[in-house]
Amino acid sequence: MGGTVDILMATYNGEERLPRQLATLAAQTWTDWRLIVRDDGSTDGTLAVIEAFGAAHPGKVRIVRDERGNLRTQQNFSALMLESDAPYCNFCDQDDEWDEDKLAVAMEAMQEIEAEHGPARPAMVSTDRRMVDEAGRLIAESFWRHQGVHPDETGPGLFGHLLYFSTAGSSTLINGALRDKARPVPREAMQYDNWVELVAAQFAVRRYLDVRKLTYIRHSANVSGGGRAYPVGSYARRAISLLRNLGKQRRVYGRVIGQARAFLERYGAEMPAEDRARLEAFAAIGGAFLPLRILRGARSGALPRRLERRIAFLLLS
């Protein structure tokens, strides 16, 4: 069985690392793919790199040229989703490096899902990824475990994903039914891949493959916890981190609730009554008096797992 995969790549000033990523796309053992690129106003040679790659691979590359200007990551990928019409699509960062069998492994799982449920049912396949620094030194063999967001631990369905996101767009293959269900990504979304994961959690058949099929290059310096009076991951470290970043956490929690409200507005009528009531309670936490926040948080069943984060969420939302 076959099926074209649209590889959706949002670019911005990626001239330096882009050639290596494109080389890994060209090396895919699943050869039925098409690269759709939208550049977000690069001032370097990014577009020239893409054009040269397209010339070397006739019929495999389409550059979206429009007058919408700089959309930033979220809306750039949303625009790419609107351009896609293949049976499948996979999001793609400009500076990762894919294993040669990345698409083949994901497509095998996707075809198993569609053989059982049919192509009209939204479906998603996501893999783990390894992390390296700019020099290529390994930071973590598993992004899921390094970040503490393994999909087996986030909980089932939508309410396990309102606060915990395990799916990175670059590691995610979706079918056309899920793409069409999720697009366009609303501006209230935390990020495009967070939104797709929420839609998948509520409506799609999902399969998480505990294999690493791409290398994620982290550009910022790797900050060590060495020399601290508390070990990495300890209760004290987490609590102190929250206290140091109260303003940031307030903004993050506000966006989490804003995304939930956007989801409710778009999909509430399609949700089972119990799920809709729980999401309404979660979406109404923000700005309420503290006792109401506590009651609504308990009603939603979607509060943070860790005590200090649960308290912070209820206080700062």
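Residues numbered from 1 in each chain as written. Predicted model: local features only at pLDDT ≥ 70, side-chain atom pairs only at ≥ 80, totals over all residues. Heavy atoms only, no water.

Engineer: How should the overall build of the protein chain be read in this particular structure?
Structural biologist: When its secondary structure is counted, the protein chain shows 13 helices and 9 strands. Here the protein chain holds 317 residues, and 53% of them are scored as buried. When the accessible surface of the protein chain is summed, it comes to about 14,700 Å², and 52% of that surface belongs to carbon and sulfur atoms. (Helix = DSSP H or I, 4+ residues; strand = E, 2+ residues; numbered from the N terminus. Buried < 20%, exposed > 50% of the residue type's maximum accessible area, 1.4 Å probe, protein only. Areas by Shrake-Rupley, 256 points an atom, 1.4 Å probe, with all protein chains shown as cover.)

Engineer: Even after reading the chapter, I still don't get the pattern of salt bridges, so can you show me in this structure?
Structural biologist: Two side chains with opposite charge may pair up if their charged atoms get near one another. Within the structure shown, the criterion is met by 21 salt bridges. A salt bridge links Arg-20 to Glu-97, with the nearest nitrogen and oxygen atoms 3.0 Å apart. Note that Arg-20 is positioned in helix α1 (residues 18-26) and Glu-97 in strand β5 (residues 97-98), a separation of 77 residues in sequence. On the accessibility criterion, Arg-20 (55% relative accessible area) is exposed. Here Glu-51 and Arg-65 are joined by a salt bridge, their closest N and O atoms 3.0 Å apart. On the criterion of sequence distance, the pair formed by Glu-51 in helix α2 (residues 46-56) and Arg-65 in the loop between β3 (61-64) and α3 (72-83) is long-range, its members being 14 residues apart. Relative accessible area serves as the criterion here: at 57%, Arg-65 is assigned to the exposed category. (Salt bridge = Lys/Arg side-chain N within 4 Å of Asp/Glu carboxyl O.)

Engineer: It is not clear to me how the packing of aromatic side chains should be interpreted in this structure. Could you clarify?
Structural biologist: Two descriptors summarise a pair of aromatic rings, namely the distance from one centre to the other and the angle between the planes of the rings. Evaluation of the coordinates by the stated rule reveals 11 aromatic pairs. For the pair Phe-203 and Phe-263, a centre-to-centre distance of 6.3 Å together with 20° between the ring planes defines the contact as stacked. One end of the pair, Phe-203, is in helix α8 (residues 192-203); the other, Phe-263, is in helix α10 (residues 246-267), with 60 residues separating them in the sequence. Exposure class is identical for Phe-203 and Phe-263. Each is buried. (Phe/Tyr/Trp six-rings, centres within 6.5 Å; stacked < 30°, edge-to-face > 60°.)

Engineer: It is not clear to me how unusual backbone geometry should be interpreted in this structure. Could you clarify?
Structural biologist: The bulk of non-glycine residues show a negative phi, and the bulk of peptide bonds are trans. That bond from Arg-183 to Pro-184 is cis: its omega, -10°, falls within 30 degrees of zero. Inspection of the secondary structure assignment puts Pro-184 in the loop between α7 (176-182) and α8. Backbone geometry at Asn-13 places phi at a positive 45°, although glycine is not the residue there. Relative to the helices and strands, Asn-13 is located in the loop between β1 (5-11) and α1. Take Asn-13: its relative accessible area is 31%, and that puts it in the partly exposed class.

Engineer: Would you take a moment to explain the nonpolar core for this structure?
Structural biologist: Here is a general trend for soluble globular proteins: nonpolar side chains tend to be buried in one another's company. If you look at the biggest cluster of nonpolar residues, it comprises 49 residues, and the most contacted ones within it are Leu-162, Trp-195, Phe-263, Leu-279, Phe-282 and Phe-313. Contributions of two or more residues to this core are made by β1, α3, β4 (88-92), α7, α8, α10, α11 (273-283) and α13 (307-316). Here this core gets 8 residues from one element, more than from any other, and that element is α10. In this structure Leu-162 touches Leu-198, Val-256, Ala-260, Leu-279, Phe-282 and Ala-302, once residues within four positions along its chain are discounted. Counting 29 residues, the second largest nonpolar core, distinct from the first, contains Trp-33, Cys-92, Trp-98 and Val-205. (Core = buried A, V, L, I, M, F, W, Y, C linked by side-chain atoms within 4.5 Å. Contact = heavy atoms within 4.5 Å.)

Engineer: Just to check I follow, could you spell out α1 for this structure?
Structural biologist: For an α-helix the count is 3.6 residues per turn, leaving residues at separations of three or four pointing the same way. Turning to α1, its buried residues are Leu-18, Gln-21, Leu-22, Thr-24 and Leu-25. The buried residues of α1 occupy an angular sector of 155° when the element is viewed end-on, so they sit on one face. Elements that come into contact with the buried residues of α1 comprise β1, β2 (33-39), α2, β4 and β5. (Arc of directions from axis to C-beta.)

Engineer: Would you explain a nonpolar patch on the surface in this entry?
Structural biologist: Taken together, the side chains of Leu-290, Ile-294, Leu-307, Ile-311 and Leu-315 make up a nonpolar region of the molecular surface, amounting to roughly 440 Å² of accessible area. Mapped onto the nonpolar patch, the elements with two or more residues apiece are α12 (290-300) and α13. For the nonpolar patch, the leading source of residues is α13, giving 3 residues. Mapped onto the elements, Ile-294 comes out in helix α12. (Patch = residues over 30% accessible without salt bridge, like charges linked within 9 Å, V, L, I, M, F, W, Y side chains within 5 Å.)

Engineer: When you look at the confidence of the model for the protein chain in this model, what are you seeing that I'm missing?
Structural biologist: Detailed reading of the predicted coordinates is not advisable wherever pLDDT falls low. Overall, the predicted model of the protein chain reaches an average pLDDT of 89, with 90% of residues at or above 70. Here residues 221-232 is a poorly scored stretch, pLDDT under 50, and it has 10 contacts once near neighbours within four places are set aside; other chains count. (pLDDT = per-residue confidence, 0-100.)

Engineer: How do you make sense of the environment of Thr-24 when you look at a structure like this?
Structural biologist: Relative to the helices and strands, Thr-24 is located in helix α1. Residue classification places Thr-24 among the buried residues on the basis of a relative accessible area of 13%. Discounting residues that sit within four places of it in the chain, Thr-24 has contacts with Glu-97 and Trp-98. Reaching out from Thr-24, the side chain makes a polar contact with the backbone nitrogen of Trp-98 at a distance of 3.2 Å. (Polar contact = N/O pair within 3.5 Å; in protein donor to acceptor, adjacent residues only side chain to side chain.)

Engineer: Honestly, the packing of α12 against α13 in this entry has me stumped. Any pointers?
Structural biologist: When two helices pack together, their arrangement is given by the angle between their axes and by how far apart the axes lie. Running from amino to carboxyl end, α12 crosses α13 at an angle of 130°, the nearest separation of the two axes being 9 Å. Looking at the two axes, α12 sits oblique to α13. α12 and α13 meet at a crossing whose hand is right-handed. Contact residues: α12 offers Leu-290, Arg-293 and Ile-294, while α13 offers Leu-314, Leu-315 and Leu-316. Looking at side-chain class alone, the contact of α12 with α13 contains 5 nonpolar, no polar and 1 charged residues. (Axes fitted to C-alpha atoms, helices over the stretch in contact; angles between N-to-C directions. Parallel < 35°, antiparallel > 145°, perpendicular 65-115°, else oblique. Left-handed = near helix turned anticlockwise from the far one by under 90°. Nonpolar A, V, L, I, M, F, W, Y, C, P; charged D, E, K, R; others polar.)

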